[in-house]
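Here's the letter readout for the chains.
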Amino acid sequence: MKIAILGAGVSGLALAQFLVEAGVPRADLSLFEAAPVAGGLCGSKTVDGFTYDVAGGHILFSKDRPAMDWMKGQTGGEEAFVERRRETKIRFGDRWVHYPFENGLGDLPDQANFECLKGYVEAWHQRLAHGSKAPADFLSWVRWRFGEGIAEHFMNPYNEKIWKRPLQELTSDWVAGRVPDAPIDDVLRASIGIRTEGYVHQSIFYYPKKGGFQAITDALYHTLRDRVRLATPVQSLVRTKSGWNVDGESFDRVVSTVPLNLLPRIVEGMPQDVAEGLRGLAYNSITCILYALNRPVHPELSWVYLPHHEQGPANRVTYMSNYSPGNAPEGKTSLMCEVTSPGGEPYPDGRLEEEVLAGLVHAGLVRRDEVLFSDRASSRFAYIVYDATFAERKRRGIEWLEANGIEPLGRFGRYDYHNSDQCVIAARELAGRLAKEALGAS
Ligand SMILES: Cc1cc2nc3c(=O)[nH]c(=O)nc-3n(C[C@H](O)[C@H](O)[C@H](O)COP(=O)(O)OP(=O)(O)OC[C@H]3O[C@@H](n4cnc5c(N)ncnc54)[C@H](O)[C@@H]3O)c2cc1C
């Protein structure tokens, strides 16, 4: 059974590797990758000895231990990784606030602490007393869940920076299951200065010693390189009696990790309404700016959130050189800043580096005279935007693809808000199914 895999990001590469491990002949697998390198959103870039991740700072962690161990194993095992404790903070004026925000209220100025606590308790009481259901739109959901104070001081300005659109246009679907409910006792404790932790499942993470996060996909690519065709964007999928022609070559099965929005251009015979639906799936792009610093050490931070306008356009700053000593030359450090832009619009222009730097200086994270140089990378598909039409567009598109023998897989291949470990888990499941079919058929 000949299988075409569209895209050699972590989803496509992991799928191929699991199929090989299951005994599917490697000669039956072909990966098509549009870019000249494999890795997709897991990519990293090295400039003058400074390494950064091109689609936002990436860390390896997972609730699924076997999946994480598999990723490490493919990349050279435990010794190829650095283990780190997550140290994340929110910059609030000249203060450092513990993350998640509701576990850090005691770090706020008194008035803000009071407003956030009052709102949190009111919202909690409101939910308890009236059993009110989670509102469908994100703006109302934030108030319902966190209350007025946290909405005004953190959640709304931070989310406006990321989503670049009025928050009432987003649904609350994407937060379901992503934002754990902090026990009220923890929030009360935090507000009077007793430390509470929050998200413990991410408290330890791993990062490749060398090569940035891309070391993981590089290792997979290395194992599969005879099956991967780089710089080969798939331009047409045409139905045959028993499968699909991929750019004129015949395959029994096709797995696509190509963003769903792009498929109507490629797939022949897609009904008009399904195609319109997929084209209209909203997304945001990301531009990452690396600042190489002539500074020997950083504070012990993993990343910092910048919620406020005066802190510049970046929403998050990653202390890249703290992830691994391999990310900067000896005696130097680096920061990487993330700025989103609405999908389909041009990336921010050349003024961005200065605007972001001015924000960092204002926030007290860096001095201008420490900056050696900056570098940037942009990724078109970075964040799925959950607007009101999202669920229906996605459902119809995926139903049609699956009914027609195309398996959608991956973060934008299925429009699932997945981290790389979840991509690997989904690839493992799909490989199980396909291998049964392939081995049964041979
Ligand atoms: C800001 C941000 C932060 C993140 N942080 C983390 C993190 O800390 N930890 C973590 O584990 N994950 C993180 N992720 C998620 C992680 O990057 C993704 O889950 C993962 O990389 C998605 O892999 P994929 O293979 O599904 O998609 P992609 O990486 O997008 O791969 C799809 C591939 O298809 C190719 N392609 C497109 N069109 C065609 C075509 N016509 N023909 C052939 N090929 C084509 C593309 O070039 C690309 O290589 C983060 C993502 C973002 C945006």
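Residues numbered from 1 in each chain as written. Predicted model: local features only at pLDDT ≥ 70, side-chain atom pairs only at ≥ 80, totals over all residues. Heavy atoms only, no water.

Engineer: Tell me what's going on with the site of the ligand, and back it up with residues and numbers.
Structural biologist: Around the ligand, the structure places 31 residues, and the nearest of them are Ser11, Glu33, His58, His418 and Ser420. With respect to the ligand, the backbone of Ile59 contributes an N or O atom lying 2.8 Å from a nitrogen atom. Taken by itself the ligand offers 1000 Å² of open surface, and the protein chains cover 91% of this. Elements supplying a minimum of two residues to the shell around the ligand: α1 (10-21), β18 (371-384) and α13 (420-441). Tallied by class, residues from the shell around the ligand come to 15 nonpolar, 13 polar and 3 charged. (Near = heavy atom within 4 Å. Polar contact = N/O pair within 3.5 Å; in protein donor to acceptor, adjacent residues only side chain to side chain. Areas by Shrake-Rupley, 256 points an atom, 1.4 Å probe, with all protein chains shown as cover. Helix = DSSP H or I, 4+ residues; strand = E, 2+ residues; numbered from the N terminus. Nonpolar A, V, L, I, M, F, W, Y, C, P; charged D, E, K, R; others polar.)

Engineer: I'd love a proper account of the sheet that holds strand β7 (residues 95-98), names of residues and values included.
Structural biologist: In sheet architecture, strand pairing relies on hydrogen bonds along the backbone and comes in two forms, parallel and antiparallel. In spatial order, the strands read β7-β6-β15-β16-β17-β14-β18; together these 7 strands make up an open sheet with mixed pairing. For this open sheet the edge positions go to β7 and β18, each flanked by a neighbour on one side alone. Strand-to-strand twist of the sheet, defined as the mean angle between neighbouring strand axes without regard to direction, takes the value 25 degrees. Where strand β14 (residues 283-293) lies against β18, 10 bridges are found, and the strand directions are antiparallel. If you follow Tyr283 over to β18, its bridge partner there is Ile384. The strands touched by helix α11 (residues 352-362) within the sheet are β14, β16 (316-318), β17 (333-342) and β18, with β14 carrying the most contacts at an inclination of about 70 degrees. (Pairing = 2+ DSSP bridges. Axes fitted to C-alpha atoms, helices over the stretch in contact; angles between N-to-C directions. Contact = heavy atoms within 4.5 Å.)

Engineer: Give a detailed account of unusual backbone geometry, specifying residues and quantitative values.
Structural biologist: At the junction of Tyr99 and Pro100, the peptide bond is cis and its omega measures out at 0 degrees in the coordinates. Examined against the element boundaries, Pro100 turns out to sit in the loop between β7 and α3 (110-130). Phi is positive for Asp48, which is not a glycine, with a value near 45 degrees. Relative to the assigned elements, Asp48 resides in the loop between β3 (44-47) and β4 (50-53). In the Ramachandran plot, Lys164 falls in the positive-phi region, its phi being about 55 degrees despite a non-glycine side chain.

Engineer: Would you mind going over the side chain of Ser62 in detail, with residue names and values included?
Structural biologist: Secondary-structure assignment places Ser62 in the loop between β4 and α2 (65-74). Residue classification places Ser62 among the buried residues on the basis of a relative accessible area of 14%. Here Asp64 takes part through its backbone nitrogen, which lies 3.0 Å from a polar atom of the side chain of Ser62. Of the polar contacts made by the side chain of Ser62, one reaches the side chain of Asp421; its length is 2.7 Å. (Buried < 20%, exposed > 50% of the residue type's maximum accessible area, 1.4 Å probe, protein only.)

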